[in-house]
Amino acid sequence: MESKKFSIRINDGERTFFAPAGESLLSVLFKNGILVPSACGGNGRCGFCRVKITDGAPDFTDSERSLISESDRLHRVHLSCQVRIESDLKIELPASTLNAKRFSGILEEKLLLTSDIVGLRIRLVNPEEIAFISGQYIQLRSPMYDGRESSIRAYSIASPPSDRNHVELNIRLVPNGLCSTWIFQHLQIGQKINLTGPYGDFHLSGSSAPAIFIAGGSGMAPFHSILHDLIGRKIRRDVAFFFGARTQADLFYVDELNRFMQENPWFQFIPALSNEPEDSDWKNERGLITDVVARYFPDCSKHEAYLCGSPGMIDSCLKVLTRNGMPKDKIYYDKFA
Ligand SMILES: Cc1cc2nc3c(=O)[nH]c(=O)nc-3n(C[C@H](O)[C@H](O)[C@H](O)COP(=O)(O)OP(=O)(O)OC[C@H]3O[C@@H](n4cnc5c(N)ncnc54)[C@H](O)[C@@H]3O)c2cc1C
Ligand code: FES
């Protein structure tokens with residue numbers, strides 16, 4: 001006997017389809033070509049697959065309670081991988097999720113940028129072009145290797161939207177990490193890569209307020225894209241870009257960013273090193289990036305901030321920026337969790 005079907009109505013009827021009882025909402029959306037971000041294989045661990053369910057939602061599961069804040073739960077945000085279809089559902093999805101596509105590409109370049117960050121340049125093959133906003137990310141699927149499972153992980157796009165045929169990524173090797181180890185040790189030039197995207201709402205606001213960018217490690221990627229985009233489109237926007245690293249060996253794109261600074265008076269690049277030996281030839285900032293930012297901007301009440309990197313770095317920056325007067329709603333960030 002065929003199982004009962006329920007309707008899934010998206011954004012007030014922009015799309016509607018029917019799904020069998022018992023299936024997960026994430027898998028139903030995927031089958032209907034809606035590529036909701038998901039980085040844990042639907043196991044309720046990554047917290048990426050959020051959807052707002054305005055009608056018909058079941059109770060929250062334990063994973064949802066642990067990954068979704070109380071205020072988001074009050075706004076009826078669920079993890080689509082945890083929702084079993086048991087009734088008709090009305091859901092809301094952002095345009096960026098509805099527009100995400102599958103891409104296949106070929107790795108054209110693989111460059112060691114530091115001892116633990118690699119730069120990839122991927123030529124898109126099918127489809128051959130991507131449209132995205134600087135700051136957004138794609139998801140990359142690593143295949144099974146060495147007896148380890150396939151994985152899907154998020155990586156911010158480092159290239160500008162004007163380069164529609166390519167996607168560049170800066171990827172840090174996470175010790176024993178599934179996807180980054182595959183990228184470092186197995187991925188070869190000429191090999192096929194599967195991507196989905198673009199995703200995310202991290203991008204420059206439309207305001208003209210002076211901006212503080214703060215990144216560490218591979219958190220460079222979205223800012224590299226944003227700066228190329230601003231310069232390429234001849235947009236002037238006061239930007240101070242603080243980049244935190246341990247030593248000089250952990251810096252990359254420095255010559256290019258210094259050149260941007262010389263050619264564009266509105267742009268300032270401030271690298272800061274936390275573990276550089278005292279007797280080295282380093283003449284620029286030293287110390288934790290948060291302390292350096294606080295020294296440059298004791299009052300940042302008129303600025304906006306954009307942050308990318310580890311959750312720890314972002315949480316420390318949030319404290320410093322709000323302490324120095326920046327309103328919380330002027331701080332935009334992507335945690336590379
Ligand atoms: C929006 C967004 C954008 C991002 N952009 C970038 C980017 O531009 N560049 C970048 O480098 N990263 C980025 N990230 C992070 C990236 O998505 C991955 O999280 C990162 O590459 C690690 O993935 P992995 O598969 O290598 O590691 P994972 O396999 O996910 O492992 C992560 C850690 O968990 C440990 N671990 C794994 N399995 C277990 C287990 N069973 N028990 C205990 N510990 C375990 C590993 O040892 C490792 O320390 C981004 C993340 C987000 C959310
Ligand atoms: S796909 Fe990871 S929590 Fe749902």
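Nothing here was measured: the structure is a model prediction, and the numbers come from that model. (Residues numbered from 1 in each chain as written. Chains lettered and ligands numbered in written order. Predicted model: local features only at pLDDT ≥ 70, side-chain atom pairs only at ≥ 80, totals over all residues. Heavy atoms only, no water.)

A word on the sheet that holds strand 13 (residues 239–245)
Next, step 1: Strand order in the open sheet made by the six strands is 15-14-13-12-16-17, with parallel pairing throughout. This sheet does not close on itself; its edge strands, each paired only once, are strand 15 (285–286) and strand 17 (331–335).
Next, step 2: Relative to the sheet, helix 6 (residues 220–232) contacts strand 12 (211–216), strand 13, strand 14 (267–273) and strand 16 (304–309), its axis offset from that of strand 12 by approximately 140°.
Next, step 3: Together, strand 12, strand 16 and strand 17 form the strand contacts of helix 9 (residues 311–323), whose direction differs from that of strand 16 by roughly 160°. (Pairing = 2+ DSSP bridges. Helix = DSSP H or I, 4+ residues; strand = E, 2+ residues; numbered from the N terminus. Contact = heavy atoms within 4.5 Å. Axes fitted to C-alpha atoms, helices over the stretch in contact; angles between N-to-C directions.)

What about the packing of aromatic side chains?
Next, step 1: Tallied over the entire structure, the rule returns 16 aromatic pairs.
Next, step 2: With a centroid separation of 6.0 Å and an interplanar angle of 80°, the aromatic rings of phenylalanine 202 and phenylalanine 223 are classed as edge-to-face. On the criterion of sequence distance, the pair formed by phenylalanine 202 in the loop between strand 11 (192–199) and strand 12 and phenylalanine 223 in helix 6 is long-range, its members being 21 residues apart. Comparing phenylalanine 202 with phenylalanine 223, the two get one shared label, buried.
Next, step 3: According to the relative accessible area criterion, phenylalanine 223 is buried, its value standing at 0%.
Next, step 4: Taken together, the aromatic side chains of Phe202, Phe213, Phe223, Phe241, Phe243, Phe252, Tyr253, Phe269, Tyr306 and Tyr332 make up a single cluster linked through ring pairs. (Phe/Tyr/Trp six-rings, centres within 6.5 Å; stacked < 30°, edge-to-face > 60°. Buried < 20%, exposed > 50% of the residue type's maximum accessible area, 1.4 Å probe, protein only.)

Structural notes on the site of ligand 1
Next, step 1: Looking at ligand 1, there are 21 residues lining it, with Arg153, Ala154, Tyr155, Cys179 and Ser180 nearest.
Next, step 2: Between ligand 1 and arginine 153, the relevant distance is 2.7 Å, taken from an oxygen atom to a side-chain nitrogen or oxygen of the residue.
Next, step 3: Take alanine 154: an N or O atom from its main chain is 2.6 Å from an oxygen atom of ligand 1.
Next, step 4: Considering ligand 1 on its own, with 980 Å² of exposed area, one finds that the protein chains cover 66% of that surface.
Next, step 5: Elements represented by at least two residues in the shell around ligand 1 include exactly strand 9 (151–156), strand 10 (166–172), helix 5 (178–185) and strand 17.
Next, step 6: The element contributing the most residues to the shell around ligand 1 is strand 9, with four residues.
Next, step 7: For the shell around ligand 1, the per-class residue count stands at 11 nonpolar, six polar and four charged. (Near = heavy atom within 4 Å. Polar contact = N/O pair within 3.5 Å; in protein donor to acceptor, adjacent residues only side chain to side chain. Areas by Shrake-Rupley, 256 points an atom, 1.4 Å probe, with all protein chains shown as cover. Nonpolar A, V, L, I, M, F, W, Y, C, P; charged D, E, K, R; others polar.)

What to know about unusual backbone geometry
Next, step 1: With omega at -10°, the peptide bond leading from asparagine 126 into proline 127 counts as cis.
Next, step 2: Of note, proline 127 is situated in the loop between strand 7 (117–126) and strand 8 (137–142).
Next, step 3: In this structure, proline 198 follows glycine 197 across a cis peptide bond, with omega equal to -5°.
Next, step 4: Not every positive phi belongs to a glycine, and asparagine 11 is a case in point at roughly 45°.
Next, step 5: Relative to the helices and strands, asparagine 11 is located in the loop between strand 1 (5–10) and strand 2 (15–20).
Next, step 6: Although it is not a glycine, tyrosine 253 adopts a positive phi angle of roughly 60°.
Next, step 7: Structurally, tyrosine 253 can be placed in the loop between strand 13 and helix 7 (254–263).

Section: the nonpolar core
Within soluble globular proteins, side chains that are nonpolar generally end up buried alongside one another.
Next, step 1: By size, the foremost hydrophobic cluster in this structure holds 28 residues, and its most contacted members are Phe213, Phe223, Leu227, Phe241, Phe243, Leu257 and Phe267.
Next, step 2: Every element with two or more residues in this core is listed here: strand 12, helix 6, strand 13, helix 7, strand 14 and strand 16.
Next, step 3: No other element matches the five residues that helix 6 contributes to this core. (Core = buried A, V, L, I, M, F, W, Y, C linked by side-chain atoms within 4.5 Å.)

Observations concerning the packing of helix 8 (residues 289–296) against helix 9
Next, step 1: Contact pair helix 8 / helix 9: the axes reach a minimum separation of 9 Å and the direction vectors enclose 20°. When the axis of helix 8 is compared with that of helix 9, the two are roughly parallel. As helix 8 runs across helix 9, the sense of the crossing is right-handed. Touching Ile289, Thr290, Val293 and Ala294 of helix 8 are Met313, Ser316, Cys317, Val320, Leu321 and Arg323, all from helix 9. (Parallel < 35°, antiparallel > 145°, perpendicular 65-115°, else oblique. Left-handed = near helix turned anticlockwise from the far one by under 90°.)

Bear in mind that shape data such as this cannot, by itself, settle questions of function.
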